[in-house]
Amino acid sequence: MSNQPNFIHRPFKELISSFTTLEGGGFTVRRPFPTPRYQQIDPFLLLDEMGPVTYEPGEAKGAPDHPHRGFETVTYVLDGEMEHRDSTGNAGKLKKGSVQWMTAGSGIIHREMPSKNMIKNGGRMHGFQLWINLPQSEKMIDPFYQEYDSHKLPKILLPPPSQEITTSAVSSEPPTSSIVVVSGSTHGVTSPISTKIPCVYLHYTIIPGDSVDYILPTEWTKNGSEFTIFGYVFKNTVVFGDVSAFHDDQLQNETRSNSSWRAGESLTKGLNPETKYVHVSAGQLVLFSKTHDLAVDGGGASVSGIKMTNVGTETAEVLLLGAKPLNEPMARQGPFVMNTRAEIEQAYRDFYSGKMGKIKGKVVN
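Keep in mind it's a predicted model, so treat the numbers as computed, not measured.

Brief notes about the pairing of strand 11 (residues 108–114)
A large share of strand 11 lies buried, amounting to six of its seven residues. Where strand 6 (residues 63–68) lies against strand 11, four bridges are found, and the strand directions are antiparallel. Paired with Pro67 across the strands is Ile109, a residue of strand 11. With five bridges joining them, strand 8 (residues 82–86) and strand 11 adopt antiparallel strand pairing. If you follow Arg85 over to strand 11, its bridge partner there is Arg111.

So, in structure tokens, the structure goes:
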């Protein structure tokens, strides 16, 4: 008899479709939140997908000098080059696969611009900007900056779904699925990024026909404690949950069943027992329940997890993000996120009076 715990898929809450908007100096982003319905997905404040876009020479755009206070910004570059400089003296260049984790804390001014090479020659740009709220006790800490190139971020190569899968030298598909551990831990591998709250940021590449699991750490979910987690698909489509139910529906030629639902239809607290899977397209975010009563769902020897399956014919890519919610009051305006309106007003006074400093020197090349 196996001693492995029973894997129980975390209940679904909602499927959110992104909208397109302009950011920074006029570049286009695909944004699942914030929206009027979700001002935040506590503690996450914003997720922007930058591109993918191919710039002609002289077209590349970025985010000129601007301030932040009270939260963290995370930039993850998949393609292209960006250069960073801030008012504390930090400077660097983000290339393919690099991550920048900036804790704004008490206040910082920074810029993120395409490299001179990107501006001169053009090229493909693709990446993500994530904002993570800081707890009230740490909103006024000193700013802190972390930057890691792709070779310093752990990448886990998963075993192939079967020994029958082979790859050709001319194939454009990777030989196996993989996980880049941007922050947090999985499969016994931990990112070098230091986070202020327990936070996992994983980039999954899933080859056709493969299923991958993420098991939430028991210390984050025991005794009914809350944990925010969602998946954002940005390439092709992924089935979350019971893929056998998905295949059953496909065999029955059902275009709409009780097992899935459309974007914008909320399953409050994930209580609908008929929701077995969700087929998520690129540009959509699937949000899971903050809590999972395993004693009711699967018995004592069970773990809460998320299963993702690529049922398509091309590689799919997903960001999986999770963190402990802060459950604190939030006041938010522009580049500042605090707990009260008075603190927001003070942030603006501090910025305009020069207390957040200024950026010195030229952008690194």
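Things to note about the sheet that holds strand 13 (residues 144–148)
In spatial order, the strands read 3-4-5-12-7-10-13; together these seven strands make up an open sheet with antiparallel pairing. Only two strands of the sheet have a single partner each, and these edge strands are strand 3 (19–23) and strand 13. In this sheet, neighbouring strand axes are inclined to one another by 20° on average, regardless of whether the strands run parallel or antiparallel. Here strand 7 (residues 71–79) pairs with strand 12 (residues 123–133) via eight bridges, running antiparallel. Directly across from Thr73, in strand 12, lies its bridge partner Trp131.

So, the side chain of Arg31
Within the secondary structure, Arg31 is located in strand 4 (residues 27–33). Here Asp48 takes part through its side chain, which lies 2.6 Å from a polar atom of the side chain of Arg31.

Concerning unusual backbone geometry
Cis geometry marks the peptide bond from Asp42 to Pro43; its omega dihedral reads 10°. Mapped onto the secondary structure, Pro43 falls in the loop between strand 4 and strand 5 (44–55). Of note, the amide linkage connecting Gly51 to Pro52 takes the cis form, showing an omega dihedral of 5°. Among the secondary structure elements, Pro52 is positioned in strand 5. In this structure, Asn327 takes a positive phi of about 55° despite not being glycine. Along the chain, Asn327 falls in the loop between strand 25 (316–323) and strand 26 (331–333). By relative accessible area, Asn327 is classed as exposed at 53%.

Quick notes on empty space enclosed by the protein
According to the stated counting rule, one finds one cavity of 30 Å³ or more in the structure shown. Computed from the structure, the largest cavity encloses a volume of approximately 40 Å³. In terms of lining residues, the largest cavity is bounded by Gln40, Asp42, Asn133, Lys139, Leu326, Glu328, Pro329, Met330 and Asn339. Looking at the lining of the largest cavity residue by residue, the class counts come to three nonpolar, three polar and three charged.

As for the side chain of Glu112
Here Glu112 is to be found in strand 11. Put simply, Glu112 is tucked away with no salt bridge, and the nearest opposite charge, on Arg111, sits 11 Å away. Polar contacts involving the side chain of Glu112 include one to the side chain of Thr75, which spans 2.7 Å. In contact with Glu112, other than residues within four places in its own chain, are Gly62, Ala63, Thr75, Met82, Glu83, His84, Leu94, Gln100 and Gln129.

Conventions and cut-offs
Residues numbered from 1 in each chain as written. Predicted model: local features only at pLDDT ≥ 70, side-chain atom pairs only at ≥ 80, totals over all residues. Heavy atoms only, no water. Buried < 20%, exposed > 50% of the residue type's maximum accessible area, 1.4 Å probe, protein only. Helix = DSSP H or I, 4+ residues; strand = E, 2+ residues; numbered from the N terminus. Pairing = 2+ DSSP bridges. Axes fitted to C-alpha atoms, helices over the stretch in contact; angles between N-to-C directions. Polar contact = N/O pair within 3.5 Å; in protein donor to acceptor, adjacent residues only side chain to side chain. 1 Å grid on protein atoms, 1.4 Å probe; cavity = no way out; pocket = protein on both sides within 12 Å on 5 of 7 lines; lining within 4 Å. Points joined across faces, edges and corners; volume = space filled by probe spheres on them. Nonpolar A, V, L, I, M, F, W, Y, C, P; charged D, E, K, R; others polar. Lys, Arg positive; Asp, Glu negative; His and termini not counted. Salt bridge = Lys/Arg side-chain N within 4 Å of Asp/Glu carboxyl O. Contact = heavy atoms within 4.5 Å.

Honestly, it's all geometry; don't read function into it.
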